[in-house]
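Residue strings, one per chain:
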Amino acid sequence: MNKMELVAAAAAKSGDSQRATKRALDAIVETIIECTQRGEEVKIQGLGTFSVSKRAARKGRNVITGETVHIPERNLPKFTASLDLKKAAMASKSDAQ
């Protein structure tokens, strides 16, 4: 399912227009991005938690030359699914079999 299909499905469930639903979804995504940029966690009950994980600096190797290179510290986005989402995914997988 892509974004427009998600918007259409959510609009049908909520009874709102697709335009209003798309604006709401865009606002939610933008807010999640802004919060994680500030280092905050965003918890959505029944869905999961969006957060930022720090990856420490480390040494790597250039595959072509074999030279050791320094890989700097970086922040990575992280999503942890809620137990409800995990159970729903597992149930749908067992239903398909």
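All of the points below concern the structure found in this document. Predicted, not measured: the structure shown is a model, and the values here were computed from it.

Describing the layout of surface pockets
Okay, so step 1: What the largest pocket holds in volume is close to 260 Å³.
Okay, so step 2: If you go around the largest pocket, you meet 13 residues; those closest to its centre are L6, L25, I28, V29 and L47.
Okay, so step 3: Where the lining of the largest pocket is concerned, the elements lending two or more residues are α1 (3-14) and α2 (18-37).
Okay, so step 4: With seven residues, the top contributor of residues to the lining of the largest pocket is α2.
Okay, so step 5: Of the residues contributing to the lining of the largest pocket, the split by class is twelve nonpolar, one polar and no charged.

Topic: a nonpolar patch on the surface
Okay, so step 1: On the surface, I44, L47, F79 and L85 cluster together into a nonpolar patch covering about 280 Å² of accessible area.
Okay, so step 2: Mapped onto the secondary structure, L85 falls in helix α3 (residues 83-96).
Okay, so step 3: Overall, L85 belongs to the partly exposed group, its relative accessible area being 32%.

Regarding the side chain of T21
Okay, so step 1: Inspection of the secondary structure assignment puts T21 in helix α2.
Okay, so step 2: For T21, the residues in contact, after removing those within four places along its chain, are V7, A10, A11, S14 and D16.

Section: the pattern of salt bridges
Okay, so step 1: Enumeration according to the criterion identifies four salt bridges in this entry.
Okay, so step 2: In this structure, D26 engages K22 in a salt bridge whose closest nitrogen and oxygen atoms are separated by 2.9 Å. Note that D26 and K22 are positioned in helix α2 at a spacing of four residues, about one turn of the helix.
Okay, so step 3: Note on D26: relative accessible area 27%, which makes it partly exposed.
Okay, so step 4: Owing to a relative accessible area of 31%, K22 belongs among the partly exposed residues under this scheme.
Okay, so step 5: A salt bridge links E41 to K43; the shortest N-O distance between them is 3.8 Å.
Okay, so step 6: Residues joined in a network through salt bridges with shared partners are K3, K22 and D26.

Criteria and thresholds
- Residues numbered from 1 in each chain as written.
- Predicted model: local features only at pLDDT ≥ 70, side-chain atom pairs only at ≥ 80, totals over all residues.
- Heavy atoms only, no water.
- 1 Å grid on protein atoms, 1.4 Å probe; cavity = no way out; pocket = protein on both sides within 12 Å on 5 of 7 lines; lining within 4 Å.
- Points joined across faces, edges and corners; volume = space filled by probe spheres on them.
- Helix = DSSP H or I, 4+ residues; strand = E, 2+ residues; numbered from the N terminus.
- Nonpolar A, V, L, I, M, F, W, Y, C, P; charged D, E, K, R; others polar.
- Patch = residues over 30% accessible without salt bridge, like charges linked within 9 Å, V, L, I, M, F, W, Y side chains within 5 Å.
- Areas by Shrake-Rupley, 256 points an atom, 1.4 Å probe, with all protein chains shown as cover.
- Salt bridge = Lys/Arg side-chain N within 4 Å of Asp/Glu carboxyl O.
- Buried < 20%, exposed > 50% of the residue type's maximum accessible area, 1.4 Å probe, protein only.
- Contact = heavy atoms within 4.5 Å.

Read these as geometric descriptors, not functional statements.
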